[in-house]
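Residue-level listing of the chains:
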Amino acid sequence: MQSDDSTSTKATLSSGDLAHVDVALESTHQSIPVIQSPPALFGAGGPMLKQFDQSNAASRIGSQAATPPRSVVGIGNKVAKPDYSEAKIVLAMVGLPARGKSYLSNKLMRYLKWLEYDVKVFNVGQLRRSRARQKAQQSGTREDHTASYFSHNNVEATKLRDQLANDSLEMLIQWLREGGNVGIHDATNSTRSRRAKIVERVAKEKGFVTIFLESVCDDPAVIAANVALKVSSGDPDYKDMSREEAKQDFLRRIKEYEAVYETITEPHLSYLRITNVGSQVTVCRINGYLQSRIAFYLMNLHLKPRSIFFSRHGESQFNVEGKIGGDSPLSERGMSYAKALPDLITDNIGDAPLTVWTSTLQRTIQTAQYLPYNKLTWKSLDELDAGVCDGMTYEEIEQAYPEDFANRDEDKFNYRYRGGESYRDVVVRLEPIIMELERQENILIIGHQAILRCLYAYFHNLPHADLPYIKIPLHTVIKLTPKAYGCDEERYTLPIGAVDTHRPKPGTLQPSGPISKTNREYYGDSKS
């Protein structure tokens, strides 16, 4: 599945840039086709990203300070979660079947949840299948959900489908009332009348905003791949059909929708139109910070096959001594890993192009020095700033600040070192990295334990409470391959010894092996 990158617009912006763009967007009342190539200043290593990196430097100076006097009590404190309670967005998908609506809605959910917004997808197809299953279990009657069920001429089925869409929207609105921020209505919403009903209903809720996200695809290869995925991935609609029968029925379903489909042309609606997942983006009446954030994220997506490799730097002198932070060089075993790494990477990627990203700290740069690929250095990839604890061992921290040490273990994601950072702070400064990762193809990031935990949690949609305890071993390469509904993962450990720097959450046992969850949820049973 591919998109035409030659006409894509993918911008990586800092918070300040977003604010400027927001002002411009608020004054816009016409559709804005975004079809030009991305300006170089927003690309990896461009001046805007460098400016963002430099703006973070001031917050990191504290790690260079001397240990504070004894009158300074504690190593830090907990950072409160941002108050997003005023954000109430109904994001309604629009599009024919097999056009990537569920792919976009799940990607957006994962991104916003990583940024600590409360987001949930309400998939009408899942609700339909779940109720049909419940009916079959209770009465033994199995509903016919073949192509005829989706025909506009099937009056009874049309009423049922309308009711399902309405019920799903009501569930979404109730969820927003109870504290949610962004509810995604994943359905075709393919007619003007259906969209008008959504706008009318949401308008009754004070402070709620409706945005439509239309996914248009006219690339036959992408459509064919989506159809193949649909009929081969265990969809219960086709449980008793052969693959060919399922394919033909699904194609008939698409034709039923095409007969009544109306693309968004309503000038009063707030909407985004994504063509071929990123080759072209149209923006209309997008206002406010969160809406702009959603728009820029979606502009960065593409479907080109790729792999993302994560590796911590080789074992460092501080690793051997049990110290955190600092800018120490590699140990002897760390240098051995650096020399062995090129063969492992080239064996996996062959002749395909690859770019290596490192932090500004010498242990990552030394680890990358033998790799025969283009390299970029990002200050945003520097390790979590340990503030007053920089250069100390955990034993020294526990002895000097026993209460703080225990408190940090209890809520590690929110705990900020005095003069340093929390994991929450790291997630915020890594947002431009995520944007650029979504733009790029094959990337190898040689980074640090906390940094890779944050990035890994994004790709696997892991909860923030678990993020600081993800096991990212030294001398191991993690290969992630993005798929339609998740990431496949492989791990490669080189036979070069290294200390174990992992500290599990007290009183818990956590898996350390690869996570692979790429199957689609057809009933909505998963608690994501």
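Everything here concerns the structure above.
To start, this report covers the structure provided alongside it. Only a predicted model underlies this, so the values are computations on that prediction, with no experimental measurement involved. (Residues numbered from 1 in each chain as written. Predicted model: local features only at pLDDT ≥ 70, side-chain atom pairs only at ≥ 80, totals over all residues. Heavy atoms only, no water.)

### A few points about the nonpolar core
Okay, step 1: If you look at the biggest cluster of nonpolar residues, it comprises 86 residues, and the most contacted ones within it are Phe310, Leu437 and Leu455.
Okay, step 2: In terms of residues, this core owes the most to one element, helix α17 (residues 449–460), which gives 9 residues.
Okay, step 3: Formed by 17 residues, the second largest nonpolar core is a distinct cluster that contains Val94, Leu169, Ile173 and Tyr271. (Core = buried A, V, L, I, M, F, W, Y, C linked by side-chain atoms within 4.5 Å. Buried < 20%, exposed > 50% of the residue type's maximum accessible area, 1.4 Å probe, protein only. Helix = DSSP H or I, 4+ residues; strand = E, 2+ residues; numbered from the N terminus.)

### Some points on the packing of aromatic side chains
Okay, step 1: Using the criterion set out here, one finds 11 aromatic pairs in the structure.
Okay, step 2: Residues phenylalanine 150 and tyrosine 257 carry aromatic rings whose centres are separated by 6.0 Å and whose planes lie at 40° to one another, so their mutual orientation is tilted. You can see phenylalanine 150 sitting in the loop between α4 (124–139) and α5 (155–177) and its partner tyrosine 257 sitting in helix α8 (residues 243–258), a full 107 residues away along the chain.
Okay, step 3: Classification of phenylalanine 150 as buried rests on a relative accessible area of 6%.
Okay, step 4: Judged by relative accessible area, which is 11%, tyrosine 257 ranks as buried.
Okay, step 5: These aromatic residues form a ring-pair network of at least three members: Trp114, Phe310, Tyr458 and Phe459.
Okay, step 6: The ring of tyrosine 458 has arginine 110 lying over it, and the distance from NZ or CZ to the ring centre is 5.2 Å.
Okay, step 7: Sitting over the ring of tyrosine 394, arginine 503 keeps its end group 4.3 Å from the ring centre. (Phe/Tyr/Trp six-rings, centres within 6.5 Å; stacked < 30°, edge-to-face > 60°. Lys NZ or Arg CZ within 6 Å of the ring centre and 35° of its normal.)

### Points about the pairing of strand β13 (residues 443–447)
Okay, step 1: Along β13, 5 of the 5 residues are buried, which leaves the element largely enclosed by surrounding structure.
Okay, step 2: Every second residue of β13 is oriented toward a common face, with Ile443, Ile445 and Gly447 on one face and Leu444 and Ile446 on the other, all of them buried.
Okay, step 3: Here strand β10 (residues 355–358) pairs with β13 via 4 bridges, running parallel. If you follow threonine 355 over to β13, its bridge partner there is isoleucine 443. (Pairing = 2+ DSSP bridges.)

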